[in-house]
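Observations on chain architecture
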Amino acid sequence: MAATDELVIADEPAGSLPELREKGYLTTKVGSIPVVVFWHEDRPWAIEDRCPHLGFPLHRGSVESGMVTCHWHHARFDLSSGCTLDPWADDARGFDVEADGDLIHVKARSSGDDVARLHRRLKEGLEENLTLIVAKSVHGLLDHGVPPAEIVRTAAEFGLKNRSQGWGSGLTTLTAMANVVHHLDDDDKALALVHGLVELASDTAGRPPRFPLHALDDATVSGERLAEWYRRFVETRSADSAERALATAVSGGATPEQVEGMMFAAVTDHVYIDTGHTLDFTNKAFELLGHVGAGAAPDVLSSVVAQTSQAERSEELSSWRHPVDLIEQMRLVELDLIEAVSAADGTVTPVALVALATQLLDADADQIGPALLATAGAGANLEQLARAVALAGSMRILRFHTQNDHADWNIVHHAFTFANGMHQACKRNPTDELARGVLHSAMKVHVDRFLNVPVARVRRVENASLADLEACWEAEGHVDEAGAIVSSYLEDGGDPAPLIAMLGHALLHEDSGFHWYQLFEASVRHHEAWPTGSDGARLPLVAFARFLAAHTPTRRERSKLVHIAARLRRGDALYEEN
Ligand code: FES
């Protein structure tokens with residue numbers, strides 16, 4: 001039980017009544033909690049003497065009209081309950097006061113059902129987009145043994161209801177953090193959840209709620225027909241019709257495999273839609289179901305339909321049509337590729353897959369399809385092809401030269417997260433339509449080839465130590481050094497577990513952006529897809545270390561606030577007089 005939950009009575013009196021009347025306040029402690037007793041309107045009032053916002057002593061505040069006002073950021077607290085009138089500051093704890101003759105005694109009140117209160121505060125923190133309240137609630141819930149999955153479920157329900165556009169970067173970040181939280185050190189687990197929740201709160205702030213559409217009543221439409229309808233409605237950008245078709249499929253018209261198949265078919269009916277976000281979001285929606293349960297499928301899956309229907313299609317972009325018509329290049333091999341992966345027995349070696357990834361990096365447009373076909377002909381199934389293509393996407397980041405425009409990191413990032421989402425989807429439910437998607441990913445890697453000119457080469461360092469990585473986040477310009485340390489550490493047989501925890505720690509202590517979370521999660525997941533010690537397992541982590549070093553340091557404000565929240569929760573004294 002945390003210090004703030006102790007139910008205790010002060011052994012010593014806080015002071016005498018005459019002293020309280022004369023001075024206006026007395027300070028004391030109940031257990032480890034500092035308490036101030038004010039004399040106001042002819043009676044004593046006791047309240048925690050530590051502003052729940054950032055720890056300022058409330059005895060330095062002003063009392064009037066039944067309230068104490070903290071002078072640091074002017075939050076106001078009701079003297080009778082301790083609750084705040086300014087929700088961003090959080091509630092203080094109120095205490096009972098008893099007089100024994102002239103002596104004043106202070107007694108703690110029961111805090112009631114603390115877990116229920118923390119759940120309520122978590123929701124309020126999400127509604128009001130208050131990082132400190134979210135962070136304190138997460139720390140409190142974890143202290144009480146509430147599993148991270150329950151916190152994710154609460155947040156997901158909130159995010160699904162409160163964004164009219166449906167799925168966005170907040171739910172993606174939340175799911176990404178839920179996917180990797182078990183890789184992190186214990187101290188960073190709460191921080192990962194807070195990052196996910198705060199991104200979600202920020203993504204929903206100020207937006208109207210979402211009202212999902214319902215299934216067709218008493219429909220007896222087959223799964224095949226619903227899938228056909230769904231694709232047709234997405235094709236014609238009829239989002240509401242697509243959503244009702246999906247709702248009917250989810251509510252029983254189709255098997256889960258059919259639902260997943262039809263959604264990914266619609267996402268890959270066009271090429272690299274919405275710079276890969278639609279595929280990534282759809283994949284994350286299915287991953288979220290793994291955390292919150294299949295019962296949430298109607299709300300979770302319908303949240304991506306509007307985005308899918310409205311997405312920009314790369315066929316409409318000149319970069320995919322000119323000077324070489326890349327769409328046409330893909331159509332030439334599409335059917336052959338579907339046939340080849342259907343016949344493949346999955347016996348191709350990891351070395352052959354790494355060779356394919358390397359080949360894709362330098363291939364001309366008309367060589368991309370044949371390269372995939374040749375590897376499928378040698379036995380690569382769809383999961384293996386998707387894995388090789390995702391590795392090629394990761395290697396674009398690994399080879400990204402710092403001479404490029406800094407904003408171009410985002411371009412290579414998008415290609416990899418798209419390819420990783422495709423790989424995760426292929427692992428779960430490989431379909432003919434996803435074979436087209438793998439071809440799209442490979443062509444996107446080709447489109448970005450000039451961002452590897454010149455190629456950044458990963459150096460080798462002797463006796464690489466993870467401790468040396470710390471310096472790479474402290475100043476700009478350590479991109480190649482970070483890549484060299486991670487690569488050499490893994491080449492020398494270093495354990496990836498502490499490396500991943502360290503990369504996660506560095507990520508979570510920065511004011512990270514949406515792409516950073518995506519890339520960390522994708523790199524870790526992709527690393528796990530390869531045999532231990534292989535190039536495939538090594539390269540994604542090298543790529544992420546380079547990306548992170550290219551974007552650090554930041555002001556690190558969020559992690560400082562979360563640290564303060566943890567200290568307030570523990571009852572540490574944050575403010576010292578002089
Ligand atoms: S309002 Fe009291 S510390 Fe900020």
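Here we summarise the structure given alongside this text. (Residues numbered from 1 in each chain as written. Predicted model: local features only at pLDDT ≥ 70, side-chain atom pairs only at ≥ 80, totals over all residues.)

This brings us to the packing of helix H17 (residues 409-428) against helix H22 (residues 514-528). Running from N to C, H17 and H22 cross one another at 45°; their axes reach a closest spacing of 10 Å. The angle between H17 and H22 places the two elements in the oblique class. Crossing angle aside, the handedness with which H17 passes H22 is left-handed. Contacts between H17 and H22 involve Asn410, His413, Phe416, Thr417, Asn420 and Gln424 from the former and His515, Gln518, Leu519, Ala522, Arg525 and His526 from the latter. (Axes fitted to C-alpha atoms, helices over the stretch in contact; angles between N-to-C directions. Helix = DSSP H or I, 4+ residues; strand = E, 2+ residues; numbered from the N terminus. Parallel < 35°, antiparallel > 145°, perpendicular 65-115°, else oblique. Left-handed = near helix turned anticlockwise from the far one by under 90°. Contact = placed C-beta atoms within 7 Å.)

Turning our eyes to something else, we now look at the sheet that holds strand E5 (residues 62-64). Spatially, three strands are ordered E5-E6-E7 in an open sheet, and the strand pairing comes out antiparallel. Each end of this open sheet is capped by a strand with a single partner; those strands are E5 and strand E7 (76-78). Across the sheet, the mean angle from the axis of one strand to that of its neighbour is 25°, orientation sign disregarded. The pairing of strand E6 (residues 67-69) with E7 spans three bridges and is classified as antiparallel. Bridge assignment links Thr69 to a residue of E7, and that residue is Arg76. (Pairing = 2+ DSSP bridges.)

The next thing to look at is helix H21 (residues 496-508). Under the 1.5 Å per step criterion, the end-to-end length of H21 is 18 Å for 13 residues, consistent within 8% with the ideal 18 Å. What H21 keeps buried is the set Pro496, Ile500, Leu503, Gly504, Ala506, Leu507 and Leu508. (Expected span 1.5 Å × (residues − 1). Buried ≥ 20, exposed ≤ 12 C-beta atoms within 10 Å, placed from the backbone.)

Spatial ordering of the open sheet is given by E1-E9-E8-E4-E3-E2, a layout of six strands whose pairing is antiparallel. Only two strands of the sheet have a single neighbouring strand rather than two, namely strand E1 (15-16) and strand E2 (25-30). With six bridges connecting them, E2 and strand E3 (residues 33-40) associate as antiparallel partners. Following the sheet pairing, Leu26 is matched in E3 by Val37.

Next up on the list: helix H2 (residues 114-128). Residue pairs three or four apart in sequence face the same way in an α-helix, which turns once every 3.6 residues. With 15 residues, H2 extends 21 Å between its outermost C-alpha atoms, agreeing within 8% with the 21 Å of an ideal straight helix rising 1.5 Å per residue. Buried within H2 are the following residues: Leu118, Arg121, Leu122, Gly125 and Leu126. Burial along H2 is one-sided: seen end-on, the buried residues are contained in an arc of 140°. Turned more than 90 degrees from where H2 packs its buried face, Ala116 and Arg120 sit exposed. Looking at the buried positions of H2, the neighbouring elements they touch are helix H3 (131-143), helix H4 (148-161) and helix H6 (186-204). Just downstream of H2, Asn129 is the residue with a positive phi angle, here 55°. (Arc of directions from axis to C-beta.)

Here the focus is unusual backbone geometry. Residue His322 is joined to Pro323 through a cis peptide bond whose omega torsion reads 5°. Considering the arrangement of structural elements, one finds Pro323 in the loop between helix H12 (305-310) and helix H13 (326-343). Cis peptide bonds are those with omega within 30 degrees of zero, and the linkage from Val453 to Pro454 qualifies with -5°. Positionally, Pro454 belongs in the loop between helix H18 (432-447) and helix H19 (470-474). A positive phi angle, near 50°, is found at Asp274, a position not held by glycine. Tracing the backbone shows Asp274 in the loop between helix H9 (256-268) and helix H10 (277-292).

Attention shifts here to the nonpolar core. Val134, Leu197, Tyr230, Val389, Val438 and Leu548 are the most contacted members of the largest nonpolar core, which has 149 residues in total. A total of 11 residues in this core trace back to one element, the largest contributor, which is helix H16 (residues 382-398). Once residues lying within four places of it in the same chain are set aside, the contact partners of Tyr230 are Ala242, Ala245, Leu246, Ala249, Met262 and Ala266. Counting residues in hydrophobic clusters, the runner-up holds 28 residues, among them Ile33, Val37, Cys51 and Val63. (Core = buried A, V, L, I, M, F, W, Y, C linked by C-beta atoms within 7 Å.)

On to the packing of H6 against H21, then. At their nearest, the axes of H6 and H21 sit 10 Å apart, and the two run at 50° to each other. It follows that H6 is oblique to H21 by the angle criterion. Considering the relative orientation of H6 and H21, their crossing is left-handed. On the side of H6, the interface is formed by Asp188, Leu191, Ala192 and His195, while H21 contributes Gly504, His505 and Leu508.

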